[in-house]
Each structure stands twice: as C-alpha cells, then as structure tokens.
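# Survey of secondary and tertiary structure
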Amino acid sequence: MTAALHLMAAMVALSGLVAALFILLGTRRVDVTVGVFLDLLVAAGLLRLAAASTWSAIIGAGAILGIRQIVMWAFRRGGRALGGWRPLITRHLRTESGT
Amino acid sequence: MSRSARRAAATAGYSAVMPPQLADQAETTLQQVVSLLVIFVEAAGALVIVVGAVWAFVGFVRVLLTSRSAEMFIPVRLRLGRFLTLGLEFQLASDVLRTAVSPSFEELGKLAAVATIRTALNYFLSREIAEERRQVAEAQATDQQAQQAGGTSR
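Here is what the cut-offs are and how they apply
- Numbering of residues starts from 1 in each chain and follows the order in which that chain's sequence is written.
- The order in which chains are written sets their letters, starting at A; the order in which ligands are written sets their numbers, starting at 1.
- Residues qualify for local features only when their pLDDT is at least 70, as the model is predicted, and side-chain atom pairs are given and counted only at 80 or more; totals for whole chains, interfaces and linings, by contrast, use all residues.
- To obtain the side-chain values, all non-hydrogen atoms of the structure were included, while hydrogens and water were left out.
- Strands are runs of DSSP state E lasting at least 2 residues, helices are runs of H or I lasting at least 4, and numbering of each runs from the N terminus.
- When accessible area is computed with a 1.4 Å probe and restricted to protein chains, residues below 20% of their type maximum are described as buried, those above 50% as exposed, and intermediate ones as partly exposed.
- Only heavy atoms matter for contacts: two residues are in contact if any of them lie within 4.5 Å across the pair.
- Residue-level accessible areas treat just the shown protein chains as cover; the underlying method is Shrake-Rupley with a 1.4 Å probe.
- By buried area we mean the combined loss of accessible area, with a 1.4 Å probe, across both parts when two parts are placed together.
- Here, a salt bridge means any side-chain nitrogen of Lys or Arg that lies within 4 Å of a carboxyl oxygen of Asp or Glu.
- Think of a polar contact as two N or O atoms within 3.5 Å of one another; within protein, one of them needs to be a possible hydrogen donor and the other a possible acceptor, and neighboring residues in sequence only count if both atoms come from side chains.
- pLDDT expresses how confident the predictor is about each individual residue, on a scale running from 0 to 100.

Attention now moves to the overall build of chain A. Along its length, chain A carries three helices and zero strands. When the helices and strands of chain A are read in sequence order from the N terminus, they spell out α-α-α. Here chain A holds 99 residues, and 33% of them are scored as buried. For chain A, long-range pairs separated by at least 24 residues make up 60% of all intrachain contacts whose partners lie at least 6 apart in sequence. Roughly 5,900 Å² of accessible area belongs to chain A as shown, and the carbon and sulfur atoms make up 71% of that amount.

As structure tokens, then:
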C-alpha cells in the first residue's frame, strides 16, 4: 500500500503542476494559479504522510502547509490593499481633473 | 523500558484479574484488530483525497475549456477543499486509533506532529471554505440586487 500511496502522491503533485501551467496560460492570474498548485500539492503531501510517517514526510507536509498559508495570506492582503486604495486613487484623479 | 518489558509489566497487571496467558492473547488480538482498523481507515482517507484530487483536476480542465474566468475556479477549489477535509477526518481517526497501540515515545511524538499538522490544515481549510462561500453568496446577492434595480428602473 505504501508504494501505491507514494505513486499516487507523485501523480497528484504532477497533476497540480500541469493544471497550474494551463491555468496560468489560460487566465494569466498568478493568485489563482498558485492557489490551485498549492491545493493539489497539499493533497500530495497528505498522501505522502499517509504512506509513511517519517520525520522527513512530517517536516515536508508541515513546510507545504506553512508556505501555503503564508502565500494565500499574502495574496489576500495584497488584494485587500488594492481594493482599499483603488477608490482613493480614483477620487483623487477625479478631483484633479475637476469632473 | 523496552517493548517486551512493558508488555510483561502490562501482562502482570492484567494477571490480577485474568490468567496471564489469556491477558497476553487479549493484548495481541487487540493490537491486531487495531492495526487492521488503522489500515482500513487510513486507506479510506487516502481514497477520498485521491478522488478529490482527480475530480478537481477534471474540474479545472473543464473550466479552462468552457470559460476562462478566474471566478469559475472557486467552486472547484471549494469542492477539493471539502474532499481534503473529509480525507483529513479519516486520517485523524486513524491517528487516534494508532495511539492505542503505539509502543514508543518516538512514535507517539510522530503521531502528535502528524495530528497537529492535520488538525491545523483541517482548521484552515474549513475557514477558507466558509470565507469563500460567504464571498460567493455576497456576489450572488449583489447580482440579484443589480438585476432587481435594473427591472424596477425600466
């Protein structure tokens, strides 16, 4: 069962890479691409963890989870900052042009 | 304390209420049953995660082929998140079962680390699912309001 789980983990990670590549080419949105890639990478990490609970697998899964949280938090914060600033910039430009 | 020594001590403890041979046999049977259950539950969790990953991959390809809107990926990601959460529940159950027959402190430490990772991921995924569901509901409500406003102005 361990070998099958390792194989499935590798295939899920590969599918994440392929899906991310096509999504990047199709949408040109980095946040969506990274989100999809990290989601499928987390699935692969969980399968690897189910296959063998070695310290390297545990640290690897923890690292992927940590990176995923930091990246998703950064994207959310970046989006919110843009959403917060955009109305102010628009208002400033309207005042400048007198419309 | 070695595994055999601990087992001998446990058997000695059981011998107060049942014969030593019977206690030894009962402990061996319990370990075998729990090990079998752990394999089944762990396999069920892995199966759920694999099915979710395949489903999500097919969903991503379908969205790419039909519409390339970034918002259309959200429901697929939500579904993958639900599958991962369900798979994690199974894997956490197997962790709990495994603690019943863990022989050493190192294995208990590994189980604690794995359970911490799985619990944290479960928490974050549940939070993300709730957040994205709220955003989708808000977007739908805004669309409905815009449609109603358009209908009344005509």
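It is common to give the size of an interface as the accessible area lost on bringing the parts into contact. At the interface, 32 residues of chain B touch 34 residues of chain A. Across the chain B to chain A interface the summed buried area is about 2,900 Å²; carbon plus sulfur atoms make up 76%. Seen at the junction of chain B and chain A, the total is one salt bridge. Between Arg77(B) and Asp39(A) there is a salt bridge whose closest N-O contact spans 2.8 Å. The tally of links between chain B and chain A comes to two residue pairs in polar contact (both at pLDDT 80 or more). Those elements that provide at least two residues to the side of chain B that touches chain A are α2 (20-66), α3 (73-99) and α4 (105-153) of chain B. The leading source of residues in the side of chain B that touches chain A is α4(B), at twelve residues.

The predicted structure's coordinates, where accompanied by low pLDDT, should not be read in detail. The share of residues in chain B with pLDDT of 70 or more is 85%, and the mean pLDDT across the chain is 80. For chain B, helix α1 (residues 3-14) of chain B is the element with the lowest average pLDDT, namely 59, and α2(B) is the one with the highest, namely 88.

Okay, unusual backbone geometry next. What is expected of a backbone is that most residues other than glycine have negative phi and most peptide bonds are trans. Residues and elements named next belong to chain A. At Arg28, a position not held by glycine, the phi torsion is positive, near 60°. Checked against the element boundaries, Arg28 lands in the loop between α1 (2-27) and α2 (30-51). The exposed category is assigned to Arg28, whose relative accessible area is 66%.

Let's shift gears to the side chain of Thr85(B). All names here are of chain B. Along the chain, the position of Thr85 falls in helix α3. Overall, Thr85 belongs to the buried group, its relative accessible area being 12%. Residues contacting Thr85, with those up to four places away along its chain left out, are Asn122, Leu125, Ser126 and Ile129.

Once that is clear, we can look at the environment of Thr33(A). Residue and element names in this part refer to chain A. In this fold, Thr33 is placed in helix α2. Along the sequence, Thr33 and Gly16 sit 17 residues apart, while their C-alpha atoms lie 9.6 Å from each other. The contacts of Thr33, once residues within four sequence positions are left out, are Ala20, Ile23 and Leu24.

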